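Summary of structural features
What follows is the residue order along each chain.
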Amino acid sequence: DPIMHCLMRNNTKHLLNWSKHLSRQCTSKAIISEPKEKLLYNDMLQRRQQQATRSIVVQVQSEKSFPELYNYCASFGKILSAHHYRIHQDDDQHYILLEFGSAEEASAAISSSAYNDELSGVPAHSPFLWFRATSSKRTLKAADQTTEAKLAVIGGTTMLDNNDLNDVLCEASNLDQQIFHLHQKTQLNDLGVRLRFLAALQVKQAVSGIFPNANAQPFGSSVNGFGRMGCDLDLILRFDREIVGAAAMQKRNNESRLVFHTKENLTNGRSQTQRQMESLGDMLHLFLPGVCHVRRILQARVPIIKYHHEHLNLEVDLSMSNLTGFYMSELLYMFGEFDERVRPLTFCIRRWAQTCGLTNPSPGRWISNFSLTCLVIFFLQQMKQPILPTINALMKSASPDDIRLTEDGINCSFGRDFERISFRSRNTAKSSELLLQFFEFYSQFDFHNRAISLNEGRSISKPDHSALYIVNPLEQVLNVSKNVSLEECERLRIEVRNAAWVLESEVENPSQPDNGTQSPWGILHLFKTNEKAVIRPHMFFKPRMVEVSDLFDDSTTDTPPTSVDYKNANV
Ligand code: GTP
Ligand code: MG
């Protein structure tokens, strides 16, 4: 009621206070609430995929078009939810995602859509539509412009800017609440996930005529629970085989007496994939609405096509052969689900690494977010009272249903059912304590001689002279962080030491200073971009910024291999 009151009177200041008050109440409840039920990774993926088949995205004039759009689309079926977003915070490109009650209803809306004869364009079907203003012949009735239905969210993909986030963190009452809020306010939200699954569906539908069993599956931070608002979409496209539920198809393959004629593979597996991706790149570029700036990076260890989706404001990395990446995302998802401290802690550490320049959006000789996440997981595994199980323990608990082998014979079998995995943690440390212990642990870690193994949950002797060695959990002869230079590893050591030093005094006084001011405190001291007069040797070797434009041009032509090979380059 008070919020409605503020909305009706357009009183933003009061509204902000109310929302802060409610958010504080929710937070304190959430912190002490019972652990939520763990959802299996495949179940989560399937739910999201089905949700995408029930959804369309419609470009509108503004959020005020919602009643009109709603009334028009209600003729195709029941609308379960509606979500508004803008491409950029201050521009006039507005979209509404509508979720229907069934895939058939969404298809009916798509099938009834028209092409605009006045505009030229490739006549492709897709879930991306726009809402035409009524022509003078079809004047709107007053009833069309109102509806009881509500938008679930307005401006649903807008990110909180740094100042607002800092205000939220300043107002938290203790360090743990700060860590919790940081996660809540910056994680990829429900609408972000919906839009990413729609991008995947568009690719799947584009090839489904020739490949009815094709599956385009999001992986990486879009689905592993470690994604931030605005994170890219990693997508794996398989023409032939379901990624989820492969066993059923195998059975059919063994039993049926009618067998498809197929084209012969022209070359070896890798070149074949590269050639297929070349054509796929053309197809995406020429035919798919919304897809632009298509770039092919086919010489990388994992060949990918990168593109931008202009209706979703999304960067997409599409691969066809990165199954270990897909299964690794499942492992990360499970680690996040095991204990609710894992994701907030990782978000805090990633933000710290970003603000002190340890990570960088461009690939290079610095540590990646993925390697940083591995450091957090390893830290939580090796504790006296571990918070996370080792990967070996997960592999041991695999049942016959969990067996997964990639085409290259890489074993990605591990227990997937939380109920069957016997691991329970008795560690009750607060997130703030874990954060400090993380920095202290890596301040002491012997990076020079030891490698980090998430499989064993303990350090092992380093197999080679890489500066930082993190055993690739699914391909154990490889190093996830082989790209990290000696200087960057040294910076990591120095920065964890500085962070431990800064945080120590904050953990000793974990509550908001009661001085009535809004000055930064707690974890905000970790996020200062080095203006403090702490002498840091790394300042002399700041990472060289590599612009994406240095690596790829904005065309569909293949890019020659570069010294900074894209993803997993050295792995
Ligand atoms: P951001 O893109 O930074 O938001 O994080 P991300 O987790 O999506 O990382 P990235 O896009 O670099 O990689 C996508 C996924 O591929 C990761 O989540 C991992 O599951 C997987 N991955 C990345 N690097 C490696 C690697 O070196 N080895 C293996 N096995 N998997 C990897
Ligand atoms: Mg990613």
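Parameters and conventions
- Residues numbered from 1 in each chain as written.
- Chains lettered and ligands numbered in written order.
- Predicted model: local features only at pLDDT ≥ 70, side-chain atom pairs only at ≥ 80, totals over all residues.
- Heavy atoms only, no water.
- Helix = DSSP H or I, 4+ residues; strand = E, 2+ residues; numbered from the N terminus.
- Buried < 20%, exposed > 50% of the residue type's maximum accessible area, 1.4 Å probe, protein only.
- Contact = heavy atoms within 4.5 Å.
- Areas by Shrake-Rupley, 256 points an atom, 1.4 Å probe, with all protein chains shown as cover.
- Donors = N, O, S within 2.8 Å, 3.2 Å for Na, K, Ca; no water.
- Axes fitted to C-alpha atoms, helices over the stretch in contact; angles between N-to-C directions.
- Parallel < 35°, antiparallel > 145°, perpendicular 65-115°, else oblique.
- Left-handed = near helix turned anticlockwise from the far one by under 90°.
- Pairing = 2+ DSSP bridges.
- pLDDT = per-residue confidence, 0-100.
- Core = buried A, V, L, I, M, F, W, Y, C linked by side-chain atoms within 4.5 Å.
- Polar contact = N/O pair within 3.5 Å; in protein donor to acceptor, adjacent residues only side chain to side chain.

1. Observations regarding the overall build of the protein
- When helices and strands are tallied, the protein shows 17 helices and 11 strands.
- Relative to its full complement of 571 residues, the protein shows a buried share of 49%.
- Look at the contacts in the protein between residues 6 or more apart in sequence, and 68% of them connect residues 24 or more apart.
- In the form shown here, the protein has an accessible surface area of approximately 29,400 Å², with 51% of it arising from carbon and sulfur atoms.

2. Observations concerning the coordination of the magnesium ion (ligand 2)
- Coordination of the magnesium ion (ligand 2) by the protein is provided by Asp232 (OD) and Asp234 (OD), with metal-donor distances spanning 2.2 to 2.4 Å.
- Classification of Asp232 as partly exposed rests on a relative accessible area of 25%.

3. Considerations on the packing of helix H12 (residues 342-355) against helix H15 (residues 431-444)
- Where H12 meets H15, the axes come as close as 10 Å, and the angle between the chain directions of the two elements is 45°. Our classification of the angle between H12 and H15 gives oblique. When you trace H12 past H15, the crossing you get is right-handed. Residues Leu345, Cys348, Ile349 and Trp352 of H12 pack against Ser431, Leu434, Leu435, Phe438 and Phe439 of H15.

4. A closer look at the pairing of strand S3 (residues 94-100)
- For S3, the buried fraction is high: 7 of the 7 residues fall into the buried class.
- With 6 bridges connecting them, strand S1 (residues 55-60) and S3 associate as antiparallel partners. By the bridge assignment for S3, Val57 is matched with Leu97.
- Across 7 bridges, the pairing between strand S2 (residues 79-86) and S3 is antiparallel. Bridged to Ile79 within S3 is Phe100.

5. Digging into the confidence of the model for the protein
- The share of residues in the protein with pLDDT of 70 or more is 81%, and the mean pLDDT across the chain is 84.
- No element of the protein has a lower mean pLDDT than helix H17 (residues 548-551), which averages 34, and none a higher one than strand S10 (residues 450-453), which averages 98.
- A low-confidence stretch, residues 21-33 stays under pLDDT 50, and its non-local contacts, those more than four residues away or across chains, total 12 contacts.
- The low-confidence segment residues 531-571, where pLDDT is below 50, has 78 contacts with residues more than four positions distant or belonging to other chains.
- Confidence metrics for the complex model read pTM 0.85 and ipTM 0.97.

6. So, the nonpolar core
- Among the nonpolar cores identified, the biggest contains 119 residues, and Trp352, Leu380, Leu435, Phe439 and Tyr442 are the most heavily contacted of them.
- Ranked by size, the runner-up nonpolar core spans 19 residues in total, among them Cys73, Ala82, Leu98 and Phe131.

7. Things to note about the environment of Arg416
- Its location among the elements puts Arg416 in the loop between helix H14 (391-396) and H15.
- Distance in space between the C-alpha atoms of Arg416 and Val291 is 35 Å, their sequence separation being 125 residues.
- Non-local contacts of Arg416, meaning those with residues more than four positions away in its chain, are made with Leu40, Tyr327, Glu330, Met334, Asp402 and Arg404.
- Of the polar contacts made by the side chain of Arg416, one reaches the backbone oxygen of Asp402; its length is 2.9 Å.
- Within the structure, Arg416 has its side chain in polar contact with the backbone oxygen of Phe414 (distance 3.0 Å).

8. Let's talk about the sheet that holds strand S6 (residues 233-238)
- Strand order across the open sheet formed by 5 strands is S5-S6-S9-S8-S7, with mixed pairing between neighbours. Two strands lie at the open edges of the sheet, namely strand S5 (215-219) and strand S7 (291-297), each paired on one side alone. Averaged over neighbouring strand pairs, the angle between their axes works out to 25° when direction is ignored.

9. A word on unusual backbone geometry
- Although it is not a glycine, His293 adopts a positive phi angle of roughly 50°.
- When you line up the elements, His293 lands in strand S7.
- By relative accessible area, His293 is classed as partly exposed at 40%.
- Of note in this structure, Asn313 is not a glycine but carries a positive phi near 50°.
- Structurally, Asn313 is set in the loop between strand S8 (304-309) and strand S9 (314-319).

10. A short note on the environment of Ser505
- Locating Ser505 in the fold gives a position in helix H16 (residues 486-508).
- Residues Ser505 and Gly522, 17 residues apart in the sequence, show an inter-C-alpha distance of 9.0 Å.
- Only 3.3 Å separates the side chain of Ser505 from the backbone oxygen of Val502, close enough to count as a polar contact.

11. Concerning the sheet that holds strand S4 (residues 128-130)
- The strand order across the open sheet formed by 4 strands is S2-S3-S1-S4, and the pairing between neighbours is mixed. Among the strands making up the open sheet, the edge pair consists of S2 and S4. With strand direction ignored, the average angle separating the axes of adjacent strands in the sheet is 25°.
- Relative to S4, S1 is paired through 3 bridges, and the arrangement is parallel. Counterpart to Val57 in the pairing with S4 is Phe128.
- With respect to the sheet, helix H5 (residues 103-111) is in contact with S1 and S3, its orientation differing from that of S1 by roughly 40°.

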